[in-house]
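Next come the chains, spelled out residue by residue.
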Amino acid sequence: MTLDKDAHIPLHIQLKNEIERKIMNGELADQIPSEREFMQKYNVSRSTVREAITSLVREGVLVKKHGKGTFVSLKPIQNWLGHLSSTTEVIRNMNMQPGAQLIEFHKVTPPTYVKEITGFEEAYFLKRVRLANDFPIGIEQHYYPLSIGGLLANYDLNKITLYNVIENELGIQFAMAKQKISCEPIPSGNETYLKISPNTYVLKAERTIKNQMDEVIEFEEAYYRSDMYSFEINLSRKFG
């Protein structure tokens, strides 16, 4: 890819986005090229390269090691598909500090496909950015029945772990969950929350949770940076 010197987007931002794209695609891993190599490849000045790299270091995507160079610093968050765990638990298991930033919380008429899955004619819609060490790793969108959403309105949604509150404080027990994971472009308008380029492919997770009476108590759509997640499944072979 060549950078467009006539575009309204500054060159250092274009280069920053290109480096992020290569990291997301696995083209860059471990140590990245030197400043001179970037200058030659993209025909830009040293200051342009330094601004791009400095931005990525500030965001935690890259890390500089004295006397060695600049390296990709993203750590994959391990997530076992067979266990119903919250994002907060997953982040803590990686010895990182979980966090959340509330975007929306209000009553909605759910989209048709959500109605078909949940049976909700009305629902509370909750949308948050999830953070690991203050770095955005995902966007989570939840639909709750009015009975649960109304109770959640009493909590600080920037701070709580939803699963803990629902199970331990509201006394609503999870019985089973169904989860689907796919790879899709980030929905338009959401890329800024994750500090990624438009049309970047992310991991999309859909999760439906039911109680012991087979009632849906949560439907979630989530979009996670694919460079931050890896999945592990325990497999066994049956003999005979």
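Keep in mind the model is a prediction, meaning the values are calculated, not measured. (Residues numbered from 1 in each chain as written. Predicted model: local features only at pLDDT ≥ 70, side-chain atom pairs only at ≥ 80, totals over all residues. Heavy atoms only, no water.)

### Concerning helix α3 (residues 46-58)
Helix length check: α3, at 13 residues, gives a terminal C-alpha distance of 18 Å against a target of 18 Å (1.5 Å per residue), a fit within 8%. Of the residues making up α3, those classed as buried are Thr48, Val49, Ala52, Ile53, Ser55 and Leu56. Projection of α3 onto a plane perpendicular to its axis shows the buried side chains occupying an angular sector of 155 degrees, all on one side. A positive backbone phi angle near 90 degrees is found at glycine 60, which sits one or two residues after α3. (Helix = DSSP H or I, 4+ residues; strand = E, 2+ residues; numbered from the N terminus. Expected span 1.5 Å × (residues − 1). Buried < 20%, exposed > 50% of the residue type's maximum accessible area, 1.4 Å probe, protein only. Arc of directions from axis to C-beta.)

### Let's talk about the nonpolar core
Across soluble globular proteins, you tend to see nonpolar side chains buried next to one another. Judged by nonpolar contacts, the single largest core of 21 residues is most densely connected at Leu15, Ile19, Phe38, Val49 and Ile53. Contributions of two or more residues to this core are made by α1 (11-24), α2 (35-42), α3 and β6 (135-144). Excluding anything up to four places from it in sequence, valine 49 contacts Leu15, Glu35, Phe38, Met39 and Val44. Listed in part, the 15 residues of the second largest apolar core include Tyr124, Leu126, Leu162 and Tyr163. (Core = buried A, V, L, I, M, F, W, Y, C linked by side-chain atoms within 4.5 Å. Contact = heavy atoms within 4.5 Å.)

### A closer look at the pattern of salt bridges
Counted under the stated rule, the structure contains 13 salt bridges. The closest approach of N and O atoms between glutamate 20 and arginine 225, which form a salt bridge, is 3.9 Å. Taken together, the residues glutamate 20 in helix α1 and arginine 225 in the loop between β9 (216-224) and β10 (229-232) connect sequence positions 205 residues apart. With respect to class, glutamate 20 is no different from arginine 225; both count as buried. Across the pair glutamate 35 and arginine 46 runs a salt bridge, and its minimum N-O distance is 2.9 Å. (Salt bridge = Lys/Arg side-chain N within 4 Å of Asp/Glu carboxyl O.)

### What about the packing of α2 against α3?
Running from N to C, α2 and α3 point in directions that differ by 115 degrees, and their axes come no closer than 9 Å. One way to sum up the angle between α2 and α3 is to call them roughly perpendicular. With respect to the hand of their crossing, α2 and α3 are arranged in right-handed fashion. Between α2 and α3, the contacting residues are Glu35, Arg36, Phe38 and Met39 on the first element and Arg46, Val49, Arg50 and Ile53 on the second. Its residues placed into classes, the contact of α2 with α3 shows 4 nonpolar, no polar and 4 charged. (Axes fitted to C-alpha atoms, helices over the stretch in contact; angles between N-to-C directions. Parallel < 35°, antiparallel > 145°, perpendicular 65-115°, else oblique. Left-handed = near helix turned anticlockwise from the far one by under 90°. Nonpolar A, V, L, I, M, F, W, Y, C, P; charged D, E, K, R; others polar.)

### As for the sheet that holds β6
Ordered by their spatial adjacency, 6 strands build an open sheet running β4-β5-β6-β9-β8-β7, and the pairing between neighbours is antiparallel. A strand with exactly one partner marks an edge of an open sheet, and here the two such strands are β4 (98-108) and β7 (176-185). For this sheet, the mean inter-axis angle between neighbouring strands, taken without regard to orientation, is 15 degrees. Alignment of β4 against strand β5 (residues 123-132), held across 10 bridges, turns out to be antiparallel. From the neighbouring strand, phenylalanine 105 faces β5, where its bridge partner is leucine 126. Against the sheet, helix α7 (residues 162-169) engages β5, β6, β8 (201-210) and β9, with an angle of about 40 degrees to β6. (Pairing = 2+ DSSP bridges.)

### A short note on the pairing of β5
The element β5 is extensively covered by neighbouring structure, given that 10 of its 10 residues are classed as buried. Judged by which residues are buried, β5 turns out to be covered on both faces: Ala123, Phe125, Lys127, Val129 and Leu131 on one side and Tyr124, Leu126, Arg128, Arg130 and Ala132 on the other are all buried. Where β5 folds back onto β6 in an antiparallel hairpin, the turn is made up of 2 residues, including asparagine 133, whose phi is positive at roughly 55 degrees.

### Regarding the packing of aromatic side chains
In total, this model carries 5 aromatic pairs according to the counting rule given. Aromatic pair phenylalanine 105 and tyrosine 124: ring centres 5.3 Å apart, planes at 25 degrees, arrangement stacked. Of the two residues, phenylalanine 105 is situated in strand β4 and tyrosine 124 in strand β5; the sequence distance between them amounts to 19 residues. Classification of phenylalanine 105 as partly exposed rests on a relative accessible area of 22%. (Phe/Tyr/Trp six-rings, centres within 6.5 Å; stacked < 30°, edge-to-face > 60°.)

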